[in-house]
Amino acid sequence: MNTHATMNRLRAAGVIAVVRARHAEEALRVSDALIAGGIIGIEITFTTPGAEDAIRRARAMHGDRIVVGAGTVTSAEHIRRAADAGAEYLVSPGSPPSLVTAMADSGLLTMTGCLTPTEAMVALEAGAHVIKLFPSSLGGIPYLRALRGPFPDLPIVPTGGITPENAREWIAAGALAVGAGSDLTPASAIASEHWDEITRRARAFVQALA
């Protein structure tokens, strides 16, 4: 699948759930709970031991029902492991040019973290397809609207501080999709295996964007 098609699937998903877990099996349980609540954009981060195993197994179990990527990509080794596992996109918290270029050279959709216009321009020059506005809570929705002036067509995914209460406003301000972590998959719910709570939160996000 080409990067344009993957971007369209992320746009249709609306929400990209950032999954951080203590091991691959836990990441799969979180992903299953999210999917049960209607969220199909799944980003399994490399802070999860065995992340590539979770990505591979999620693809095997859910196929094209979901769009699954690798998050917290910070090295060439991460890129290789994610691609081998079948990740459809790569996400990094930052945008070192050499890393961005290596990510883009994998042929996978590349989303890299930026906060300022200069960082976004450097990332785009290095090959990024999507800018992850992170942490988006610092500037808020007015900042995204301001970025739309010089970058009217730039695909942006704000991440950090996204809730069901503000998700629709972020999309209305021009976001391609929104990235959600702790408000969607709180560590306390994961630790206590309250999968129903994660499903409930997923439904709240989906309903907010309906």
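You'll find the structure just up there.
What you see as residue numbers is a count from 1 along each chain, following the sequence as written. This being a predicted model, a pLDDT of at least 70 is required before a residue's local features are given, and a value of 80 or more before pairs of side-chain atoms are given or counted; all residues contribute to the totals for chains, interfaces and linings. Side-chain numbers here rest on the full set of heavy atoms in the structure, without hydrogens or water.

This part takes up the overall build of the chain. Note on conventions: DSSP H or I runs of at least 4 residues are helices, E runs of at least 2 residues are strands, and numbering of each starts at the N terminus. In terms of regular secondary structure, the chain is built from 10 helices and 8 strands. By principal-axis analysis of the C-alpha atoms, the chain measures approximately 45 × 35 × 25 Å. Think of it in three bands: residues with accessible area under 20% of the maximum for their type are buried, residues over 50% are exposed, and the middle band is partly exposed, with areas taken using a 1.4 Å probe on protein chains only. Evaluated residue by residue, the chain yields a buried proportion of 52% over its 210 residues. Across the chain, the fraction of contacts at a sequence separation of at least 24, relative to all contacts at a separation of at least 6, is 58%. For the chain, the computed accessible surface area is about 8800 Å², with 55% contributed by carbon and sulfur atoms. When charges are counted, Lys and Arg contribute as positive and Asp and Glu as negative, whereas His and the chain ends are disregarded. Note that the charge is assigned to NZ on lysines, CZ on arginines, CG on aspartates and CD on glutamates. Looking at charge distribution, the chain has the averaged site of its 18 positive side-chain charges lying 4 Å from that of its 20 negative ones. The contact criterion used is simple: two residues touch if any of their non-hydrogen atoms lie within 4.5 Å. Every accessible area reported is derived by Shrake-Rupley at a probe size of 1.4 Å, with residue values counting cover from the shown protein chains alone.

Below, the discussion takes up helix α1 (residues 3-13). The set of residues buried in α1 consists of Thr-6, Met-7, Arg-9, Leu-10 and Ala-13. Axial view of α1: buried residues confined to an arc of 160°, hence all on one face. Of the exposed residues in α1, those oriented more than 90 degrees away from the buried face are His-4 and Ala-12. Those residues of α1 hidden inside the fold are in contact with β1 (15-19), β2 (41-45), β3 (67-71), β4 (89-92), β5 (109-114) and β6 (130-133). Taking the helix axis as origin, the arc is that swept by the directions to the C-beta atoms.

With that settled, consider the environment of Ala-76. Residue placement: Ala-76 occurs in helix α4 (residues 76-85). A relative accessible area of 57% means that Ala-76 is categorised as exposed. The spacing of Ala-76 and Ser-98 is 22 residues in sequence and 9.7 Å in space, taken between C-alpha atoms.

Below, the discussion takes up the nonpolar core. Buried Ala, Val, Leu, Ile, Met, Phe, Trp, Tyr and Cys residues form a nonpolar core when they are joined through side-chain atoms within 4.5 Å. With 59 residues, the main nonpolar core has Leu-34, Ile-39, Ile-42, Ile-44 and Leu-184 as its most contacted residues. Looking at which element gives the most residues to this core, the answer is helix α2 (residues 24-36), with 7 residues. With residues near it in sequence (within four places) discarded, Leu-34 still touches Ala-17, Val-19, Ile-39, Ile-42, Leu-184, Thr-185, Ile-198 and Ala-202. Counting residues in each nonpolar core, the second largest holds 12 residues, with Met-111, Val-130, Leu-176 and Ala-177 among its members.

A word on the pairing of β3. Counting buried positions over the 5 residues of β3 gives 5, a clear majority of the element. Sheet topology places β2 next to β3; 5 bridges connect them, and they run parallel. Within β3, the position partnered with Gly-41 by the bridge is Val-67. Classification remark: right-handed applies to a crossover when, strands pointing away from the viewer, the course from the first strand over the helix to the second runs clockwise. A crossover links β2 with its parallel partner β3, the connecting element being helix α3 (residues 51-62), and its sense is right-handed. Two strands form a pair only when DSSP identifies at least two bridges running between them.

Attention shifts here to helix α6 (residues 117-126). Residues of α6 that are buried: Ala-120, Ala-123 and Ala-126. Looking straight down α6, one finds its buried side chains confined to an arc of 130°; they lie on one side. Relative to its buried face, α6 has exposed residues pointing more than 90 degrees away, namely Thr-118, Met-121 and Glu-125. Buried residues belonging to α6 abut α5 (97-105), β5 and β6. Residue Gly-127 follows α6 closely and has a positive phi angle near 120°.

Counting buried positions over the 5 residues of β1 gives 5, a clear majority of the element. Covered by surrounding structure in β1 are Val-15, Ala-17 and Val-19 together with Ile-16 and Val-18, the residues of both alternating faces. Relative to strand β8 (residues 178-180), β1 runs parallel, the two being bridged by 3 bridges. Pairing of Ala-17 across the sheet is with Ala-180, part of β8. The sheet contact formed by β1 and β2 spans 4 bridges and is parallel.

Below, the discussion takes up the packing of aromatic side chains. Here the aromatic set is Phe, Tyr and Trp, taking the six-membered ring for Trp, and pairing holds for ring centres within 6.5 Å; pairs whose planes are under 30 degrees apart are stacked, those over 60 apart are edge-to-face, and all others are tilted. According to the stated counting rule, one finds 0 aromatic pairs in the structure shown. When the NZ atom of lysine or the CZ atom of arginine is within 6 Å of a ring's centre and also within 35 degrees of its normal, the charge is said to sit over that ring. The residue whose ring lies beneath Lys-132 is Phe-134, and the NZ or CZ to ring-centre distance is 4.9 Å.

Such coordinate-based values are descriptive only and should not be taken to indicate function.
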